[in-house]
Amino acid sequence: MALFTVIGLGSFGATVATQLVNLNHDVIGIDNNKRNVESISDQITHAVIADATDEHVLKELNIQNCEAVVVAIGEDIEASILCVLHLKNMGMNKIWAKAKSKAHHMILTHLGVDKIIHPEEDMGTRVAQSLSYPMVSRYMGLEDNHFIVKIEIKANQKGERFQHLMDHGSGIKTILHKRGKEIIYSIDPNLILQEGDILVVEGELEPLRKLSARFK
Ligand code: ATP
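This structure is a prediction, so every number in the text was calculated from the model and none was measured. (Residues numbered from 1 in each chain as written. Predicted model: local features only at pLDDT ≥ 70, side-chain atom pairs only at ≥ 80, totals over all residues. Heavy atoms only, no water.)

Colleague: Please clarify how the packing of aromatic side chains should be interpreted in this entry.
Modeller: A complete count under the given rule lists zero aromatic pairs for this structure. When the ring centre of Trp 96 is taken as origin, the NZ or CZ atom of Lys 115, which lies over that ring, is 5.5 Å away. (Phe/Tyr/Trp six-rings, centres within 6.5 Å; stacked < 30°, edge-to-face > 60°. Lys NZ or Arg CZ within 6 Å of the ring centre and 35° of its normal.)

What follows is the structure, encoded as structure tokens:
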């Protein structure tokens, strides 16, 4: 269990804060909008109404011992930059920040922010990926064009032999097969796939594209 601070409790910041609490962490949430603070106050450890562009206020809040600070202010770029500057001056070791534009991103990079998040773009990419590859319910990009992908077997694949399906995915490694609550790591090539089965596979984009064609 760790302590995190989320500054800016709009829909993005509030989601980050409550999800961290769901993961058993303590969260200090800060926003200068009373309504946003009140609506989350019973869901996180401390919810504070404060102006995050005021260095004295930030120091008084005693957030120095946090594992990380997420600056989730997007629209008011000046406020976001000032807040990050103060956090840097305070010696915060891990700062993540939301960026609204390319210019905002560039400034945050120069300020030494550890991770810059573009929630709308990231979500847009995910929606486009799901529309383009409907069988992919989750994916994670790794280095060097590699992806880990969660595939859900739909009605048109049911009855197919696992090995037959994977013959179309040369270079792809299957990490696990899940049916109901049962997870199998070494999969019988003769396994007959059922609707609702989950396969988690790993591979490069091109072979994954070829495999995905089987699901169209
Ligand atoms: P989201 O896209 O997450 O819904 P939003 O579009 O509502 O966010 P943003 O401008 O990104 O609005 O701001 C997120 C939050 O940051 C808002 O709740 C806003 O009140 C808060 N905020 C803005 N400026 C400050 C500040 N100086 N100090 C503290 N909180 C601030």
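Having put the structure on the table, let's press on.
Colleague: Where do I start with the site of the ligand in this structure?
Modeller: As a structural note, the neighbourhood of the ligand is formed by 19 residues, with Ser 11, Phe 12, Asp 31, Asn 36 and Glu 75 the closest of them. One of the backbone N or O atoms of Gly 10 is found 3.4 Å from an oxygen atom in the ligand. At a separation of 2.9 Å, an oxygen atom of the ligand approaches a polar backbone atom of Glu 75. Across the complex, the protein chains shield 80% of the 630 Å² of accessible surface that the ligand would expose by itself. (Near = heavy atom within 4 Å. Polar contact = N/O pair within 3.5 Å; in protein donor to acceptor, adjacent residues only side chain to side chain. Areas by Shrake-Rupley, 256 points an atom, 1.4 Å probe, with all protein chains shown as cover.)

Colleague: So what exactly am I meant to see when it comes to the nonpolar core here?
Modeller: Side chains of nonpolar character tend, in soluble globular proteins, to be buried together. Among the nonpolar cores identified, the biggest contains 23 residues, and Ile 7, Ile 63, Val 71 and Leu 87 are the most heavily contacted of them. Residue contributions to this core peak at four residues, all from helix H4 (residues 77–89). Filtering out sequence-adjacent residues up to four positions away, Ile 7 remains in contact with Ile 30, Ala 52, Leu 58, Val 69, Val 70, Val 71, Ala 72, Ile 73, Cys 83 and Leu 87. In terms of nonpolar packing, the next biggest core, distinct from the first, is built from 20 residues, Val 136, Val 149, Leu 165 and Phe 215 among them. (Core = buried A, V, L, I, M, F, W, Y, C linked by side-chain atoms within 4.5 Å. Buried < 20%, exposed > 50% of the residue type's maximum accessible area, 1.4 Å probe, protein only. Helix = DSSP H or I, 4+ residues; strand = E, 2+ residues; numbered from the N terminus. Contact = heavy atoms within 4.5 Å.)

Colleague: Just checking my understanding: could you explain the packing of H4 against helix H5 (residues 102–110) for this structure?
Modeller: The description of two helices packed together rests on the angle between their axes and the distance between the axes. Remark: H4 packs on H5, axes separated minimally by 10 Å, with the N-to-C direction vectors making an angle of 10 degrees. In terms of orientation, H4 and H5 fall into the roughly parallel class. On the side of H4, the interface is formed by Ile 77, Ser 80, Ile 81 and Val 84, while H5 contributes His 104, Ile 107 and Leu 108. Split by residue class, the contact of H4 with H5 holds five nonpolar, two polar and no charged. (Axes fitted to C-alpha atoms, helices over the stretch in contact; angles between N-to-C directions. Parallel < 35°, antiparallel > 145°, perpendicular 65-115°, else oblique. Nonpolar A, V, L, I, M, F, W, Y, C, P; charged D, E, K, R; others polar.)

Colleague: Would you mind showing me how to read a positive patch on the surface here?
Modeller: On the surface, a cluster of positive charge is made up of Arg 126, Arg 138, Lys 150, Lys 178 and Lys 181. Relative to the assigned elements, Arg 126 resides in helix H6 (residues 119–132). Relative accessible area serves as the criterion here: at 39%, Arg 126 is assigned to the partly exposed category. (Patch = residues over 30% accessible without salt bridge, like charges linked within 9 Å, V, L, I, M, F, W, Y side chains within 5 Å. Salt bridge = Lys/Arg side-chain N within 4 Å of Asp/Glu carboxyl O. Lys, Arg positive; Asp, Glu negative; His and termini not counted. Charge placed at Lys NZ, Arg CZ, Asp CG, Glu CD.)

Colleague: Looking at this structure, I do not really get the domain arrangement of the chain. What am I missing?
Modeller: Interfaces are frequently sized by the accessible area removed from exposure as the parts join. According to the domain assignment, the chain contains domain 1 (3–120) and domain 2 (127–215). The C-alpha centroid of domain 2 is placed 37 Å from the C-alpha centroid of domain 1. (Domains from an automatic or database assignment.)

Colleague: What should I look at first to understand the sheet that holds strand S7 (residues 136–141) in this one?
Modeller: For sheets, the rule is that strands pair by backbone hydrogen bonds, running either parallel or antiparallel. Spatial strand order, S7-S8-S11-S9-S10: five strands in an open sheet with antiparallel pairing. Only two strands of the sheet have a single neighbouring strand rather than two, namely S7 and strand S10 (182–184). Neighbour-to-neighbour, the strand axes of the sheet open up by a mean angle of 15 degrees, direction not taken into account. One ladder, built from seven bridges, connects strand S8 (residues 146–152) with strand S11 (residues 198–204); its direction is antiparallel. What sits directly across from His 146, in S11, is Glu 204. Set on the sheet, helix H8 (residues 205–213) makes contact with S8 and S11; between it and S11 the angle comes to about 140 degrees. (Pairing = 2+ DSSP bridges.)

Colleague: Please clarify how the UniProt feature "domain: RCK N-terminal" (unreviewed entry) in the chain should be interpreted in this entry.
Modeller: The positions that UniProt labels "domain: RCK N-terminal" (unreviewed entry) are, in the present scheme, residues 1–117. Across residues 1–117, the secondary structure splits into 40% helix and 22% strand, with the terminal C-alpha atoms separated by 23 Å. (UniProt positions renumbered as here; feature names shortened; annotations may be inferred.)

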